[in-house]
Amino acid sequence: MLLAERGIGDPASYVLENGLHTEVLPGSQAHFEALEIPAELLTRVEELCFDAGADVFRHCAPAWDGEDDLFDVRSLDDLAPLPNLREITFVEDGVLAVPDAATIFAARGIDTD
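If you're wondering where the values come from, they're calculated on a predicted model, not measured in any experiment.

Asker: Describe the nonpolar core, with residues and values.
Answerer: With 18 residues, the main nonpolar core has Phe50, Phe71, Leu76, Ile88, Leu96 and Phe105 as its most contacted residues. Of all the secondary structure elements, the ones that give two or more residues to this core are α5 (55–60), β2 (87–90) and α6 (101–107). Dropping the residues within four chain positions of it, Phe105 is found in contact with Phe50, Leu76, Leu79, Ile88, Phe90, Leu96, Ile110 and Thr112.

Right, here's the structure in full:
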């Protein structure tokens, strides 16, 4: 857990004490921006789930309530490295904010739930 590794035992208190509110924690942002996923692993991805309730969001912004667009996905331009992607699950009011996303997925032969 990223926060525990950084010595943050109570994320909500940390956020309030540091005035972060619904911002992404700088250390978490740096970690995920530097994270490199090898192409060989990306080719194994067969399913993605866009859900604002995923744990990764609490690691990045512990006080985020899911009510704003902080983590909205606004582009599907990076689907090329996922040639075996066959299924996308997303919550209509979740973090997938791409107009006509279902149409884009259908054109690539990706099922949506």
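Asker: Go over the packing of aromatic side chains, please, and point to the residues and values.
Answerer: Scanning the model with the defined rule gives 3 aromatic pairs in all. Both rings, one in Phe57 and one in Trp64, keep their centres 5.3 Å apart while their planes meet at 50°; by these two values the pair is tilted. Note on accessibility: Phe57 and Trp64 belong to one class, buried. By the ring-pair criterion, three or more aromatic residues cluster together here, those being Phe57, Trp64 and Phe71.

Asker: Let's hear about the pattern of salt bridges: which residues, and what values?
Answerer: Counted under the stated rule, the structure contains 2 salt bridges. With its nearest N and O atoms 2.1 Å apart, the salt bridge here joins Asp55 to Arg58. Separated by 3 residues within a single helix, Asp55 and Arg58 lie in helix α5, roughly one turn from each other. Residue class for Arg58 comes out partly exposed when judged on its relative accessible area of 46%. Its salt-bridge partner being Arg74, residue Asp69 comes within 3.0 Å of it at the nearest N-O pair.

Asker: Let's hear about the sheet that holds β2: which residues, and what values?
Answerer: In sheet architecture, strand pairing relies on hydrogen bonds along the backbone and comes in two forms, parallel and antiparallel. Reading across the sheet, the 3 strands line up as β1-β2-β3 and stay open at both edges, with parallel pairing between neighbours. Two strands in the sheet have a free side with no partner beyond their single neighbour: β1 (47–50) and β3 (111–112). Across 2 bridges, the pairing between β2 and β3 is parallel. Paired with Glu87 across the two strands is Asp111, which belongs to β3.

Reading the values: rules and limits
- Residues numbered from 1 in each chain as written.
- Predicted model: local features only at pLDDT ≥ 70, side-chain atom pairs only at ≥ 80, totals over all residues.
- Heavy atoms only, no water.
- Core = buried A, V, L, I, M, F, W, Y, C linked by side-chain atoms within 4.5 Å.
- Buried < 20%, exposed > 50% of the residue type's maximum accessible area, 1.4 Å probe, protein only.
- Helix = DSSP H or I, 4+ residues; strand = E, 2+ residues; numbered from the N terminus.
- Contact = heavy atoms within 4.5 Å.
- Phe/Tyr/Trp six-rings, centres within 6.5 Å; stacked < 30°, edge-to-face > 60°.
- Salt bridge = Lys/Arg side-chain N within 4 Å of Asp/Glu carboxyl O.
- Pairing = 2+ DSSP bridges.

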